[in-house]
Amino acid sequence: MYRKKSCVAMLLAGGQGSRLGILTRHVAKPAVPFGGKYRIIDFPLSNCVNSGIDVVGVLTQYRPLELNAYIGSGAPWDLDVNSGGVYVLPPYHTGKTGEWYRGTANSIYQNLEFAKQYNPDYVLVLSGDHIYKMDYAEMIAHHVKHNAAATIAVRQVPWEEASRFGIMNTDENNNIIEFEEKPANPKSNNASMGVYVFSFDKLCSYLEADEQDPESSNDFGKNIIPAMLNAGECMTAYTFNDYWKDVGTIESLWDANMDLLKDPVPVDLRDREWRIYARNVGSPPHYVAEGGSVIDSLITEGCQIMGSVTHSVLSTNAIVEEGAVVIDSVLMPGARIGKGAVIRRAIVAENAVIGEGCVVGEEEGDIAVVGSNTSLKAGEFVAAGQQVGE
């Protein structure tokens, strides 16, 4: 038995992220770069540290190698403490049996023994594909105040978008009385953020019962939450109204990067009171050559700019050669844009090389994407919405 912890966090990071297309062909979605020098998983991990939660289990499954290497000992997030830390939890064999995680609830069920080591009062369940800054301690305090079995973070979304989300209908005391998954005619606009606090004993009870149901999808939204509601458990909504972005699609990932260029920026990555930590290898300062230009852009360490960059986000060690033009785009770490190439409304992934005179993306239409470690020959054209890569 380890030292008792009031709360243990379980971070769901095993999804394939198929809606991100070629960007997740070789890496798990939480390991996808974001905002110049971060990866998506940096946000929930940093939120945990800033909220005083120092035990985090990261549940991996799909393409875990890069994510595992990135997390390492947890030192960049101050999660390498003796009495806690960050732990990578892949599916594993027990005796003669072993299986992949079958759903979000099953993934937590398979790791209950990990949580039990800390004898927690509460378990915080998080998703690994959201960009936001949130004080989980306030949400846990809300949970305790209401003596709830489960607390679900909700965010009010525009009514016209509510049918895209799981909607939590509440009474006048903010108690959840009904859950609707992507309703055609929503009764409220309280969208679930996929952030849950459970009283640990209740969570164990419902997960164990769910495992005994052969018809279950083993999913929190489809099975666990409805089962708790049907049993009359006290379930409360915790309203969060600050910036939150689900970056599970190409368009939303591009949008979230573009949000960093707004004034004022909706999610301040330079806030010293709530730092977003990341594992970064030291790079020299960025360099803009004579004749190069940077307008309304975010440029990270190690970038070399000999061409023109406008309203774009450039990650560590990205290179824009002479005569190249980058507009409304995201260059991930190590991306190289050849001489005279034009990049518009595009995402160029890690270590991709764009040949001389290539055109990637168009002024209008969906976001074009060039996958990681992909090389385009001189003069190639990638249309709006097209994805190319290996």
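Provided above is the structure to which this section pertains.
Note that the structure is predicted; figures quoted are calculated from it, not measured.

Chemist: Looking at this model, I keep getting lost on the sheet that holds strand β16 (residues 287-288). Mind explaining?
Modeler: Hydrogen bonds between backbone groups are what pair the strands of a sheet, and the pairing can be parallel or antiparallel. One open sheet accounts for 6 strands, arranged β16-β19-β22-β25-β28-β31; its pairing is parallel. Sheet topology places β16 and β31 (375-376) at the edges, where each strand pairs with a single neighbour. Note: β16 against strand β19 (residues 304-305), 2 bridges, orientation parallel. What sits directly across from Y287, in β19, is Q304.

Chemist: Please explain the sheet that holds strand β32 (residues 381-382) as it appears in this structure.
Modeler: Strands sit in the order β17-β20-β23-β26-β29-β32 across an open sheet of 6 strands; the sheet is parallel. The strands lining the two open edges of the sheet, one partner per strand, are β17 (293-295) and β32.

Chemist: What am I meant to see in the side chain of E233 here?
Modeler: Structurally, E233 is set in the loop between α7 (220-230) and β14 (235-239). Only 3.1 Å separates the side chain of E233 from the side chain of K202, close enough to count as a polar contact. Not counting residues up to four positions away in its chain, the partners in contact with E233 are A149, K202, Y206 and M228.

Chemist: Any chance you could explain the environment of E251 here in plain terms?
Modeler: Among the structural elements, E251 can be located in helix α8 (residues 250-259). Sequence-distant contacts of E251, defined by excluding residues within four places in its chain, comprise R345, D366 and I367.

Chemist: Can you help me understand the packing of aromatic side chains in this one?
Modeler: The relation between two aromatic rings is expressed through the spacing of the ring centres and the mutual angle of the planes. In total, this model carries 9 aromatic pairs according to the counting rule given. Where Y132 meets F240, the ring centres are 6.3 Å apart and the plane angle is 85°; that geometry is what we call edge-to-face. With Y132 in strand β9 (residues 130-132) and F240 in the loop between β14 and β15 (244-246), this pair connects stretches of sequence that are 108 residues apart. The residues Y132 and F240 share a single accessibility class, namely buried. Within the aromatic cluster, the residues linked to one another by ring pairs are F34, Y38 and F43. The aromatic ring of W254 is capped on one face by R345, whose charged end is 4.9 Å from the ring centroid.

Chemist: What's the story with the pairing of strand β8 (residues 122-127) in this structure? I'm lost.
Modeler: Each regular strand carries side chains that alternate between the two faces of the sheet. Along β8, 6 of the 6 residues are buried, which leaves the element largely enclosed by surrounding structure. Here β8 shows a buried face lined by Y122, L124 and L126 and a second buried face lined by V123, V125 and S127. Both strand β1 (residues 7-12) and β8 contribute to a ladder of 6 bridges, which runs parallel. Across the sheet, V8 pairs through a bridge with V123, a residue of β8.

Chemist: Help me out: how do you make sense of the pattern of salt bridges in this one?
Modeler: Pairs can form between side chains of opposite charge once their charged atoms are near each other. Counted by the stated rule, this structure contains 12 salt bridges. The salt bridge involving R164 is made with E161; its shortest N-O contact spans 3.4 Å. Here R164 falls in the exposed class, since its relative accessible area comes to 51%. Using a relative accessible area of 30% as the deciding quantity, one classes E161 as partly exposed.

Chemist: Mind showing me how you'd approach helix α1 (residues 42-50) here?
Modeler: Helical geometry: 3.6 residues make up each α-helical turn, so side chains three or four residues apart lie on a common side. Among the 9 residues of α1, 7 are classified as buried, and the element is accordingly described as predominantly covered. Taken residue by residue, α1 has D42, F43, P44, L45, S46, N47 and C48 as its buried positions. Looking one or two places after α1, you find G52, whose phi comes out positive at around 85°.

Chemist: Would you explain the pairing of strand β12 (residues 176-181) in this entry?
Modeler: Direction of pairing for strand β11 (residues 166-170) relative to β12: antiparallel, over a ladder of 5 bridges. Following the sheet pairing, T170 is matched in β12 by I176. In sequence, β11 turns back onto β12 through a hairpin of 5 residues, with N174 there showing a positive phi of about 70°.

Chemist: Help me understand the environment of G338 in this model?
Modeler: Mapped onto the elements of the fold, G338 is located in the loop between β25 (336-337) and β26 (342-344). Among the residues examined, G338 registers a relative accessible area of 5% and is labelled buried. Residues contacting G338, with those up to four places away along its chain left out, are E321, A324, I354, G355 and E356.

What counts as what
- Sequence order as written defines residue numbering, which begins from 1 separately in each chain.
- Only residues with pLDDT of at least 70 get local features here, since the model is predicted, and only at 80 or more are side-chain atom pairs given and counted; chain-wide, interface and lining totals rely on the full set of residues.
- Think of the side-chain values as coming from all heavy atoms in the structure, minus any hydrogens and water.
- One bridge is not enough; two strands pair if DSSP finds at least two bridges between them.
- Secondary structure is summarised from DSSP: a helix means a run of H or I of at least four residues, a strand means a run of E of at least two, and numbering begins at the N terminus for each.
- In protein, a polar contact means a hydrogen-donor-capable atom and an acceptor-capable atom, both N or O and within 3.5 Å, with residues adjacent in sequence counting only if both atoms are side-chain atoms; elsewhere, any N or O pair within 3.5 Å suffices.
- Residue contacts are counted whenever heavy atoms from the two residues lie within 4.5 Å of one another.
- Aromatic rings from Phe, Tyr and Trp, with only the six-membered ring used for Trp, were paired whenever their centres fell within 6.5 Å, and each pair was classed as stacked if the ring planes differed by under 30 degrees, edge-to-face if by over 60, and tilted otherwise.
- Think of it in three bands: with a 1.4 Å probe and only protein chains considered, a residue is buried below 20% of the maximum accessible area for its type, exposed above 50%, and partly exposed in between.
- Each ring is checked for a lysine NZ or an arginine CZ that lies within 6 Å of its centre and within 35 degrees of its normal; such an atom marks a charge sitting over the ring.
- The term salt bridge refers to a pairing of a side-chain nitrogen on Lys or Arg with a carboxyl oxygen on Asp or Glu at a separation within 4 Å.

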